[in-house]
Amino acid sequence: MNDIFKALNDPTRREILELLKSKDLAAGEIATHFNISKPSISHHLDILKRADLITFEKKGQFIIYSVNTTVMEDVLQWILTFKK
């Protein structure tokens, strides 16, 4: 759970999740939405992968990323346990 909150703590990673919420994207497509280097995007994707917030699938020479909705639902359910 710590990895999840660490990943969600960064605004760039939250924005990546917002993009992937709409549709699955390759790293290059994600990078076009930001004014940072492709290695920085890769670093953010790595952190999101380690937190299991995104999944990926290799298609030809591209890696397509998508939101792992199962983990997002688990986090939401855990947060809702604090609601009275």
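Quick summary incoming for the structure in this document. (Residues numbered from 1 in each chain as written. Predicted model: local features only at pLDDT ≥ 70, side-chain atom pairs only at ≥ 80, totals over all residues. Heavy atoms only, no water.)

1. What about the overall build of the protein?
For the protein, the helix and strand inventory stands at five helices and three strands. Going residue by residue from the N terminus, the α and β elements of the protein occur as α-α-β-α-α-β-β-α. The principal-axis extents of the C-alpha atoms in the protein amount to approximately 45 × 25 × 20 Å. Here the protein, with 84 residues, has 33% of them falling under the buried criterion. Taking all contacts inside the protein whose residues are at least 6 apart in sequence as the whole, residues at least 24 apart take part in 49%. When the accessible surface of the protein is totalled, it reaches about 5,900 Å², and 53% of it is carbon and sulfur. (Helix = DSSP H or I, 4+ residues; strand = E, 2+ residues; numbered from the N terminus. Buried < 20%, exposed > 50% of the residue type's maximum accessible area, 1.4 Å probe, protein only. Contact = heavy atoms within 4.5 Å. Areas by Shrake-Rupley, 256 points an atom, 1.4 Å probe, with all protein chains shown as cover.)

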